[in-house]
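So the chains spell out like this:
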Amino acid sequence: MTNREVAEILAGVGARLQILDANRFRIIAFQNAAESIRNLAQDINQVDVAGKLLEIPGVGKGIADAIHELLSHGHYTEFDALYDQVPEGVVQMMAVPDMGPKKAKRLWEELGIDSVEALQAAAAAGSLRDLKGFGAKSEEKILKGIELLAKRSDTRTSIGVARPLAEAIVARLQEVVPAGTIERIEIAGSLRRWKETIGDVDILCVSHDPATVMEAFRTLPQVADVAGSGETKTSVILGNGLQVDLRVVERKHWGAALQYFTGSKEHNVEMRELALKQGWSLNEYGLTATGSGGAPEGEQRFFEEEADLYAFLGLAWVPPELRENRGEIQAARKDALPALITVADIRGELHGHTTWSDGTASVQEMGEAARTRGYAYWNVSDHSVGLGVVQGVDGERLRRQRAEIDAYNRWCQEQGYAFRLLQGSEVEILADGTLGLPDEVLATLDVVVASIHSAQRQDRETITARCLKAVYNPHVDILGHPTGRLIGSRPPTEIDVERVLQACAETRTAVEINASPERLDLNDVYARRAVELGCQIAINCDAHSVEGLVVLPYGVHMARRGWLTAASVLNTYPIDEMLALLKDGSGGAGAQ
DNA sequence: GCCGTTTTCGGCCCGACTGTTTTCAGTCG
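For clarity, every value in this text was computed on a predicted model and none was experimentally measured.

*Asks:* Account for the protein's contact with DNA strand B, with residues named and values stated.
*Replies:* Near DNA strand B, the surroundings consist of 46 residues, among which G60, G135, S138, Y260 and R272 are the closest. A breakdown of the atoms of DNA strand B within 4 Å of the protein gives sugar and phosphate a share of 75%. A distance of 3.4 Å separates a phosphate oxygen of DNA strand B from a polar atom in the side chain of R26. Between DNA strand B and the protein, one listed contact pairs a phosphate oxygen with a backbone N or O atom of K103 at 2.9 Å. Of all the elements in the fold, those that place two or more residues in the surface near DNA strand B are α2 (24-38), α4 (61-73), α7 (101-111), α9 (136-151), β5 (223-229), α14 (265-277) and β8 (280-282).

Next up, the structure:
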């Protein structure tokens, strides 16, 4: 059973307990444990075998025993009973907007509705309005909700789609309202935390005239529907189904509001509990004294800046990317937060393509694009031959490519530019673990990236062994997009990430954070684990065009979510230091 | 059911918006 499967079962238990109206703290306990296991870098089976289930945050004696049973026997009697008691269809009904456990339960018990389809039919037939608490409006809302659900196969949107949309909305809002109406505006929520997928977009702003801002927001050309609109908060649905919330606050509330709307929910719960211990109740406006601390009950504190709120509670300001309740509050308390890597720290890249394989720009064009972005180096790493649809490089073509790269580098030198192209390859890790280029060819290259693009559905043992074989090759410097996932369209391969990372640490093979927003591979959790195990990281755009270089921030922010500092990332070092950090320490044949 | 810088027992975050409610419960983030 995988981490995801265990997490799903626990979440299913939580959902069923909700419908059965169980103790709400018990429900939260299952939800927390599920979330915690979903975010676990290590394989739950290995954690169980090591007897360390209790070390997982949110897992106590009861849930640990249940997990152990699940892993040993494939099921757990107590959970089976709950699953028998509440049908899956009723749980799925809760995915419909505005349909929570209370409503789902009543519809199920009083009308026998036990699936989304049955719910849709009943709402369409107008048979819900007879139920106390439901009316014609409720039916309408349910039908609309189900329609929305069907339109969006995945309920979360990739950051690569959402971020440009959100930035366009913010820019447009500032254009259409009279100058000075918007004093401050910022994207908050999971987008500010740079989560790989987001549920909805949250925008926060300060204005003396909220009504004007709300009106402008509701009438944006991208808006397909207004889901709700009050004095300080409006929710709209865009044409692609994405929900965007706008909240307007007073200037003096900005600090607390931005903190509140950035989340995560789990981080905020910790923050509010911490505030309570100090005698303050925290909400999106600020702090109110409870009377149990030093200040008299009802006394209020407001914060124009987020950092002031954190400081008042005795915490260092926590970068948004860390706000997932993964130890950041304890670290902020001890002033021990990491100095996170920034986009400006990146001095070059080690993985990208040209027209020698499936890129759209020439060696010179990519070199110029990288150089004018301020890079000091860029590794030409075209696919090796034999990769189906893609034209690739072999020993002969690499020799010809080397001449082109040398000519470009000589030109840079003549111009006095401190920039150099390196020559490498993204060599295919073939199905049996051998590489797409022979060792004697790899030995001539500066930086070798090895990746998997084929036979990705091999079983765990096979694909792990295949990957390890590549990692132990002395010429492989970097493992490219290690899990092969494409967010929203292809699940990760079955590889045993823990074992592969251990091997990478042992052999000094760097692991990639591929910055392309559909990959973001490694993700935050694995990247953090990789550094814990002693791995070096490389952050690369894997650009196939000049424009492909713009995705770098997605990779850097994913690294930040993984608590990474510049020191762990190879391509933050000057070229000579970077080459010296590679596996063989010489930088290959091309290094001077 | 989990957890501990007042606790191994007694806590466990907080407010906006909606619909159908004549005072509030349910949902959401």
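*Asks:* Talk me through the pairing of strand β12 (residues 377-383); I want residue IDs and the actual numbers.
*Replies:* One face of the sheet, then the other: side chains in a regular strand alternate in exactly this way. Counted residue by residue, β12 has 7 buried out of 7 residues, so it is predominantly covered. Following the chain from strand β11 (residues 348-349) across helix α17 (residues 363-372) to the adjacent parallel β12, one finds a crossover that is right-handed. By the bridge criterion, 7 bridges tie β12 to strand β13 (residues 420-428) in an arrangement that is parallel. Across the sheet, residue S381 finds its bridge partner in β13, namely G424.

*Asks:* Can you tell me about the side chain of E196, naming the residues and giving the values?
*Replies:* Following the sequence through the fold, E196 ends up in the loop between α11 (189-192) and β3 (197-198). Polar side-chain contacts of E196 include one of 2.8 Å to the side chain of R485. Here E196 is in contact with T157, S158, I159, R485, I487, L520, N523 and M558, once residues within four sequence places are set aside.

*Asks:* Explain the pairing of strand β4 (residues 200-207) to me, and be specific about the residues and the numbers.
*Replies:* Counting buried residues in β4 gives 7 out of 8 residues, a clear majority hidden from the surface. Of the strand pairs in this sheet, strand β2 (residues 182-187) and β4 are connected by 5 bridges, and their pairing is antiparallel. Bridge pairing in β4 places E186 opposite L204. Taken together, the 7 bridges between β4 and strand β7 (residues 243-249) define a ladder with parallel strand orientation. Across the sheet, D200 pairs through a bridge with Q243, a residue of β7.

*Asks:* Give a detailed account of empty space enclosed by the protein, specifying residues and quantitative values.
*Replies:* Scanning the entire structure with this criterion turns up 1 cavity of 30 Å³ or more. Of the voids in this model, the largest cavity is the one considered here, and its volume is about 60 Å³. As for the largest cavity, its lining consists of 14 residues, of which I452, H481, P482, T483 and G484 are closest to the centre. For the lining of the largest cavity, the class distribution of residues is 7 nonpolar, 7 polar and no charged.

*Asks:* So what's going on with the pattern of salt bridges? Which residues, and what values?
*Replies:* Under the definition given, this model contains 32 salt bridges. The salt bridge involving K102 is made with D21; its shortest N-O contact spans 3.8 Å. Of this pair, K102 sits in helix α7 while D21 is found in the loop between α1 (3-19) and α2, placing the two residues 81 residues apart along the sequence. For D21, a relative accessible area of 48% gives the class partly exposed.

*Asks:* Residue-level account of the sheet that holds β8, with values.
*Replies:* Across the sheet, which stays open at both edges, the 3 strands sit in the order β8-β9-β10 with antiparallel pairing between neighbours. A strand with exactly one partner marks an edge of an open sheet, and here the two such strands are β8 and β10 (300-301). Pairing of strand β9 (residues 287-289) with β10 involves 2 bridges; the strand directions are antiparallel. By the bridge assignment, L287 is partnered in β10 with R301. Seen against the sheet, α14 touches β8 and β9 and runs at an angle of roughly 160° to β8.

*Asks:* Can you lay out the sheet that holds strand β16 (residues 510-514) for me, pointing to particular residues and giving the numbers?
*Replies:* Working definition: the strands of a sheet are paired by backbone hydrogen bonds and lie parallel or antiparallel to each other. The 7 strands lie next to each other as β11-β12-β13-β14-β15-β16-β17, forming an open sheet whose pairing is parallel. The strands lining the two open edges of the sheet, one partner per strand, are β11 and β17 (537-540). The sheet contact formed by β16 and β17 spans 4 bridges and is parallel. Looking at β17, one finds that I513 is bridged to I539.

*Asks:* Provide a residue-level description of helix α20 (residues 460-471), including the pertinent values.
*Replies:* Relative to the 16 Å expected for 12 residues at 1.5 Å per residue, α20 spans 16 Å between its end C-alpha atoms, a close match to the ideal helical length. Buried positions along α20 lie against β13, β15 (478-479) and α21 (497-507).

*Asks:* Can you explain the packing of aromatic side chains? Please cite residues and give values.
*Replies:* The tally for this structure, following the rule as stated, stands at 9 aromatic pairs. Taking 5.7 Å as the distance between ring centres and 70° as the angle between the ring planes, the aromatic pair formed by W194 and Y554 counts as edge-to-face. Here W194, found in the loop between α11 and β3, pairs with Y554, found in helix α23 (residues 552-561); they are 360 residues apart in sequence, far enough to count as distant. Take W194 and Y554: they sit in the same class, and that class is buried. Ring plane angle 35° and centroid distance 5.9 Å describe the contact between Y408 and W411, whose orientation is recorded as tilted. You can see Y408 and its partner W411 sitting in helix α18 (residues 395-415), 3 residues apart, about one turn around the helix. Aromatic rings pair up to connect Y408, W411, Y417 and F419 into one cluster. Here the basic side chain of R163 rests over the ring of W194, its NZ or CZ set 3.9 Å away from the ring centre. The ring of Y417 carries the charged tip of R371 above its face, separated from the ring centre by 3.6 Å.

What counts, and at which threshold
- Residues numbered from 1 in each chain as written.
- Chains lettered and ligands numbered in written order.
- Predicted model: local features only at pLDDT ≥ 70, side-chain atom pairs only at ≥ 80, totals over all residues.
- Heavy atoms only, no water.
- Near = heavy atom within 4 Å.
- Polar contact = N/O pair within 3.5 Å; in protein donor to acceptor, adjacent residues only side chain to side chain.
- Helix = DSSP H or I, 4+ residues; strand = E, 2+ residues; numbered from the N terminus.
- Buried < 20%, exposed > 50% of the residue type's maximum accessible area, 1.4 Å probe, protein only.
- Right-handed = clockwise from strand over helix to strand, strands pointing away.
- Pairing = 2+ DSSP bridges.
- Contact = heavy atoms within 4.5 Å.
- 1 Å grid on protein atoms, 1.4 Å probe; cavity = no way out; pocket = protein on both sides within 12 Å on 5 of 7 lines; lining within 4 Å.
- Points joined across faces, edges and corners; volume = space filled by probe spheres on them.
- Nonpolar A, V, L, I, M, F, W, Y, C, P; charged D, E, K, R; others polar.
- Salt bridge = Lys/Arg side-chain N within 4 Å of Asp/Glu carboxyl O.
- Axes fitted to C-alpha atoms, helices over the stretch in contact; angles between N-to-C directions.
- Expected span 1.5 Å × (residues − 1).
- Phe/Tyr/Trp six-rings, centres within 6.5 Å; stacked < 30°, edge-to-face > 60°.
- Lys NZ or Arg CZ within 6 Å of the ring centre and 35° of its normal.

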